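Okay, here's what each chain looks like letter by letter:
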Amino acid sequence: MKLFSSFGQYLLMLRGAARKPENGKMYWKELMHQSVEIGFGSLGIVVIISVFMGAVSAVQTAYQLVSPLIPRETIALVVRDTVILEFAPTLICIVLAGVVGSKIAGELGNMRVSEQIDALEIMGINTKSYLIAPKILGALLTIPLLVIISMVLGIYGGRLASALGELVAGDAFDRGLQNGFTIKNVYIGLAKAYSFAFIISSISSFFGYYVRGGALEIGRASTAAVITSCIVILMVDYLIAYIFL
Amino acid sequence: MIELRNVIKSFGDKTVLKGVNARFDKGKTNLIIGASGSGKTVLQKCMVGLLKIDSGEILFSGTDFVTMSGEDRKLLRQQIGMLFQGSALFDSMTVEQNVMFPLDMFTKWTRGEKLERVNFVLERVDLKGVNAKRPDEISGGMKKRVGIARAIVLKPKYLFCDEPNSGLDPRTSMLIDKLIHEITKENDITTIINTHDMNSVMEIGENILYLDQGKEEWKGTNKEIIFSKHEKLNDFIFASEFLKDAKDMRALEERGIIDNDRNMDEILKEGSIDAGEGKE
Ligand SMILES: Nc1ncnc2c1ncn2[C@@H]1O[C@H](COP(=O)(O)OP(=O)(O)OP(=O)(O)O)[C@@H](O)[C@H]1O
Ligand SMILES: [Mg+2]
């Protein structure tokens, strides 16, 4: 029951966020600010995770490829597809749900509890469109970019690990990469990235915007935002895989 | 002027405002007083539209806030300033950005014009040289001042203050009260202040509404409070025995029964004080 009423409230929030803003210039400023916060703020962790996850997937694929009948180049192909289809979008977005989600929920929760949202509301500002929409749009702008960066770096990490561990030589790896490549996989990866970006930003906004109480509740809301985002991401991940693959 | 007619508000099955009627005058500091939990904050939040009332009318200069169109309400809101109990400054912005925010949002002024207005109001609330500071770098009293500056920067017709001097020392409280009072007079604002600070009541209580458990119990001025025989009000205002005695004294003095210049012991000896005024 509670789940349904929360979902209704969530949809109402999204509708409110889609309203026309009072002042386009201020709105734009806020969008830029959020994009920088979300995008630049998470770049470092995305770089580190991507390189390592590519490397790990290369090493593990090599370990599982025991048959001498299969050429070693296959490692490149497997790394490429897992990174593009699953690791870059899903793993990165799970991490971003933690990094970005808790930031969004914490920021809005603090604004709610300290009556800053009320203060904006009294001035006659639609706080849903002023506070939430730029976060969602900012996430939609930057998170897919981060995922693309992660795809590239992940494959690069795989190549690096293959060379270092003498699993496949660089030129053989590159040949393997071109083997059976379809752009469709990149599109699926990006479809995931956009879906997850929306999930993270809107769910975290929801938990933060409707906080009641004090500092304790802000913490709880942040945790709930991250957990809920992760669960929904994984469910949607399955759904997309089921539909497109 | 703001008028309330039979305003009712409940949360679930708990009725917080039980049909409040009141009138708040233009150019005056109107006070809402009452014990903790009597519904002062809820009443103010209803008046500014942060909470929806169940029934009743809230008339801003004659037009009902509740039934007016969304567009009109937006315009009206730009004429409302509010000082929050916790100041509610935007903590991602500097003092200057906080005060300028309403101007950024609702005017098409140049940056120079906006800056001029911001500096004018900051000076008006006696804050200079803190433009670049963030809210967490200034004291509670200064935050209230910034809150006031932000609330008046768009020259509002109505100013709401929820416990403007909670958490401040008596002297700073008095200065904030005076400031609000002066600004009210200068700009002919309808100011509504929630308070349970008795200094404020006596100092700036031009029109007082006493709220008790969501119902208006008494209305009047600070002068009238001193002579009031309303039992609940007296128990609330003059909570301590000391203050009750002081009130009696003052009442007697005003009526010429006692003379402040005379020696107190002498008066007591005469026994003429036993008039039982006010304390019923
Ligand atoms: N959002 C809400 N949901 C449910 N009950 C509420 C809500 N807001 C206030 N109340 C209840 O309304 C009553 C009046 O609260 P209010 O905050 O108006 O008191 P107050 O007069 O401002 O007190 P104080 O002087 O302590 O600030 C309280 O009993 C409170 O529990
Ligand atoms: Mg209150």
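Below you will find a few notes about this structure.

Criteria and thresholds
- Residues numbered from 1 in each chain as written.
- Chains lettered and ligands numbered in written order.
- Predicted model: local features only at pLDDT ≥ 70, side-chain atom pairs only at ≥ 80, totals over all residues.
- Heavy atoms only, no water.
- Near = heavy atom within 4 Å.
- Polar contact = N/O pair within 3.5 Å; in protein donor to acceptor, adjacent residues only side chain to side chain.
- Areas by Shrake-Rupley, 256 points an atom, 1.4 Å probe, with all protein chains shown as cover.
- Helix = DSSP H or I, 4+ residues; strand = E, 2+ residues; numbered from the N terminus.
- Nonpolar A, V, L, I, M, F, W, Y, C, P; charged D, E, K, R; others polar.
- Buried < 20%, exposed > 50% of the residue type's maximum accessible area, 1.4 Å probe, protein only.
- Pairing = 2+ DSSP bridges.
- Phe/Tyr/Trp six-rings, centres within 6.5 Å; stacked < 30°, edge-to-face > 60°.
- Lys NZ or Arg CZ within 6 Å of the ring centre and 35° of its normal.
- Contact = heavy atoms within 4.5 Å.
- Buried area = accessible area lost by both parts, 1.4 Å probe.
- Salt bridge = Lys/Arg side-chain N within 4 Å of Asp/Glu carboxyl O.

Some remarks on the site of ligand 1
Not every one of the 14 residues close to ligand 1 is listed here, only the nearest: Lys14(B), Ser36(B), Gly37(B), Lys40(B) and Thr41(B). More than one chain lines the surroundings of ligand 1; the residues nearby belong to chains A and B. For ligand 1, an oxygen atom lies 2.5 Å from a polar atom in the side chain of Lys14(B). Contact between ligand 1 and Gly37(B): an oxygen atom at 2.9 Å from a main-chain N or O atom of the residue. Protein coverage of the free-state accessible area of ligand 1, which is 640 Å², stands at 66%. Of all elements in the fold, only strand S2 (14-24) and helix H1 (40-48) of chain B reach the threshold of two or more residues within the shell around ligand 1. Counted by class, the shell around ligand 1 contains four nonpolar, six polar and four charged residues.

Regarding the pairing of strand S7 (residues 158-162) of chain B
Residue and element names in this part refer to chain B. Counting buried residues along S7, five of its five residues qualify, which places the element largely inside the surrounding structure. Where strand S6 (residues 80-83) and S7 come together, four bridges link them in parallel fashion. Residue pairing in the sheet places Gly81 in a bridge with Leu159 of S7. Relative to strand S8 (residues 190-195), S7 is paired through five bridges, and the arrangement is parallel. The residue bridging Tyr158 from the neighbouring strand is Thr190, located in S8.

What to know about the packing of aromatic side chains
Any aromatic ring pair is given by two values, namely how distant the centres are and how the planes are angled relative to each other. With the rule as written, the count across this model stands at 11 aromatic pairs over all chains. Here Tyr209(A) and Tyr210(A) contribute two aromatic rings whose centre-to-centre distance is 5.0 Å and whose plane-to-plane angle is 80°, an arrangement assigned as edge-to-face. Residue Tyr209(A) is classed as buried on the basis of its relative accessible area, which comes to 4%. Cation over ring: Arg73(B) sits above Phe65(B), and NZ or CZ is 5.4 Å from the ring centre. One cation-aromatic arrangement involves Arg150(B) over Phe90(B); the distance from NZ or CZ to the ring centre is 4.5 Å.

Structural notes on the interface of chain A and chain B
Often, the extent of an interface is quoted as the loss of accessible area on bringing the components together. Facing the 17 residues of chain A at the interface are 21 residues of chain B. In total, chain A and chain B occlude about 1,800 Å² of area from one another, counting both sides; carbon and sulfur atoms represent 65% of this. Considering only the side of chain A, the residues that lose the most area to chain B are Glu115(A), Ile122(A) and Met123(A), jointly responsible for 37% of the buried surface there. On inspection of chain A and its partner chain B, the count reaches two salt bridges. For Lys45(B), the salt bridge goes to Asp118(A), with nearest N and O atoms at 3.9 Å. The tally of links from chain A across to chain B stands at six residue pairs in polar contact (both at pLDDT 80 or more). Those elements that place two or more of their residues in the side of chain A that touches chain B are helix H3 (74-113) and helix H4 (116-122) of chain A. Of all the elements, H4(A) adds the most residues to the side of chain A that touches chain B, at six residues. Here the side of chain A that touches chain B is composed, by residue class, of eight nonpolar, five polar and four charged.

Looking at the pairing of S2(B)
Residues and elements named next belong to chain B. In this structure, strand S1 (residues 2-11) lies alongside S2, joined through eight bridges in antiparallel fashion. Residue pairing for S2: Ser10 is matched across the bridge by Thr15. Connecting S1 to the antiparallel partner S2 that follows it, the hairpin turn spans two residues, and Gly12 within it adopts a positive phi of roughly 60°.

Taken by themselves, the reported measurements are silent on function.
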